[in-house]
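Residue strings, one per chain:
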Amino acid sequence: MAVATDDREYRAATEAVALLDRSERGKLALTGEDAVVFLDSLLSNDIAGVALGSGVDATLLTHKGRMLAEVRVLRSEDELELDSERPGLQALFDALNNFRIGYRAELHKRTLQRGLLSLIGPGVDALLGPQAPPPAEHDHVSATLAERPVRLIRTDLGVDVLCASEDTDAVAGALTAAGAVAIDQPAAETVRIESGRPRFGIEIGEDTMPQEAGIHERAVSYSKGCYVGQETVARLYWKGKPNRHLRGLRLDRPAAPGDSLTLAGAQVGSVGSFADSPRLGPIALAMLRREAEPGSELQLAGGAGRAVVVELPFSPPA
């Protein structure tokens, strides 16, 4: 994904508080006395170990350990709330719907019924005051904004606000009135790219294993019981080395998603997301073959530019 960043919006997201509507994310819920046991048997992380008011990242895998979806799972008193990028939603819904036979669990569609707003930036807790959730990622609390019930969810870059879809405008209005700056996707994408977090459907997809994406430490359990794809990802973790890795790129000029990247004349990957960061300059995320190690110099398609491979997250310029 190529992005052109608005400086004012970028400053809000990195120095104050920015607000982005992410209601397009896929949302589902599971209820019933077997909901936890069922989801634990399907997803890659330890769902049974999630405490009330907390959550985890997880993946839905094929039997060969490839990702069909990356999923955030939140546990509350009466349900498990799930959300994912839209490219993974249908596979997630189908798996939940098809494999819950024999489990006392009900599946609920929530994509259109729930709004999702993201607060990004260092000033988020000050804006929310005593309602802010605890500091661990995925911790969440019930709260009230604009006299509407909401759920506040800690993220890696701030706090997400989950509400009824009909309340989204009112809640967003209250947040901007309190000082949040409404931003568009490009500014949020720039901050995401800087942080080194991949997005399902962009850098990673159905040909990617969690270890390749660099998300296995937060999205995969190697100690819990069986789940789809466990044998493959466990074997790679204990005995193998991923053929590819998610890496950062520092470029000498803009690039476009899909631009090929070569090392010593051999293609080692292609550009995933690109941003012209006000702080770091031209940067990108890419899934690269393991021989393209940090420090390697790559050539963009047709010799149009140069890219240096770096570890993630991006470090500030020296």
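Computed from a prediction, not measured in an experiment: that's the story for all the values here.

Draft legend 1. Fine view of the packing of aromatic side chains. Taken as a whole and assessed by the stated rule, the structure comprises three aromatic pairs. On the basis of an interplanar angle of 75 degrees and a centroid distance of 4.8 Å, the ring pair of Tyr237 and Trp238 is categorised as edge-to-face. On the basis of relative accessibility, which here comes to 36%, the residue Tyr237 falls in the partly exposed class. In textbook terms, an aromatic cluster arises when at least three aromatic residues are bridged by ring pairs, as seen for Tyr222, Tyr237 and Trp238.

Draft legend 2. View of empty space enclosed by the protein. Taken as a whole and judged by the stated rule, the model has one cavity of 30 Å³ or more. By volume, the largest cavity is sized at about 580 Å³. Around the largest cavity, the lining is made up of 29 residues, and of these Arg22, Arg25, Glu85, Asp156 and Arg197 lie nearest the centre. Mapped onto the lining of the largest cavity, the elements with two or more residues apiece are β5 (67–75), β8 (114–120) and α6 (185–195). In terms of residue count, α6 provides more of the lining of the largest cavity than any other element does, five residues in total. Partitioned by chemical class, the residues of the lining of the largest cavity number seven nonpolar, five polar and 17 charged.

Draft legend 3. Examining the sheet that holds strand β3 (residues 26–31) more closely. Taken together, the five strands give an open sheet; going across it, the order is β4-β5-β6-β3-β7, and neighbouring strands pair in antiparallel fashion. On the outer flanks of this sheet lie β4 (54–61) and β7 (106–109), each paired with one strand and no other. The sheet shows a mean angle of 25 degrees between the axes of neighbouring strands, taken without regard to direction. Pairing analysis gives four bridges linking β3 to β7, with the strands arranged antiparallel. Opposite Thr31, over in β7, you have Glu106 as the bridge partner.

Draft legend 4. Fine view of the sheet that holds strand β10 (residues 148–154). Pairing within the open sheet is mixed, and its six strands lie in the order β9-β10-β11-β8-β2-β12. The open sheet is flanked by β9 (140–145) and β12 (181–182), the only strands paired with a single partner. Of the strand pairs in this sheet, β8 and strand β11 (residues 158–164) are connected by seven bridges, and their pairing is antiparallel. Residue pairing for β11: Leu119 is matched across the bridge by Val159.

Draft legend 5. Representation of the pairing of β11 in the model. With respect to burial, β11 is a largely interior element, seven of its seven residues being buried. Across five bridges, β10 lies against β11 in antiparallel orientation. Paired with Arg154 across the two strands is Val159, which belongs to β11. Counted between consecutive antiparallel strands, the loop separating β10 from β11 contains three residues.

Draft legend 6. Up close: the layout of surface pockets. Of the pockets and cavities examined, the largest pocket occupies roughly 340 Å³. Around the largest pocket sit 24 residues that line it, and Glu79, Glu81, Arg114, Arg151 and Leu162 are the ones nearest its centre. Of all the elements in the fold, those that place two or more residues in the lining of the largest pocket are β3, β5, β6 (80–84), β8, β9, β10 and β11. Per-element tally for the lining of the largest pocket: the top contributor is β10, with four residues. Taken together, the residues of the lining of the largest pocket sort by class into twelve nonpolar, two polar and ten charged. Each pocket or cavity is described by its volume, and for the second largest pocket that value is around 270 Å³. Where the lining of the second largest pocket is concerned, the elements lending two or more residues are α7 (210–213) and β13 (244–251). Residues that form the lining of the second largest pocket fall into these classes: six nonpolar, five polar and five charged.

Calculation criteria
- Residues numbered from 1 in each chain as written.
- Predicted model: local features only at pLDDT ≥ 70, side-chain atom pairs only at ≥ 80, totals over all residues.
- Heavy atoms only, no water.
- Phe/Tyr/Trp six-rings, centres within 6.5 Å; stacked < 30°, edge-to-face > 60°.
- Buried < 20%, exposed > 50% of the residue type's maximum accessible area, 1.4 Å probe, protein only.
- 1 Å grid on protein atoms, 1.4 Å probe; cavity = no way out; pocket = protein on both sides within 12 Å on 5 of 7 lines; lining within 4 Å.
- Points joined across faces, edges and corners; volume = space filled by probe spheres on them.
- Helix = DSSP H or I, 4+ residues; strand = E, 2+ residues; numbered from the N terminus.
- Nonpolar A, V, L, I, M, F, W, Y, C, P; charged D, E, K, R; others polar.
- Pairing = 2+ DSSP bridges.
- Axes fitted to C-alpha atoms, helices over the stretch in contact; angles between N-to-C directions.

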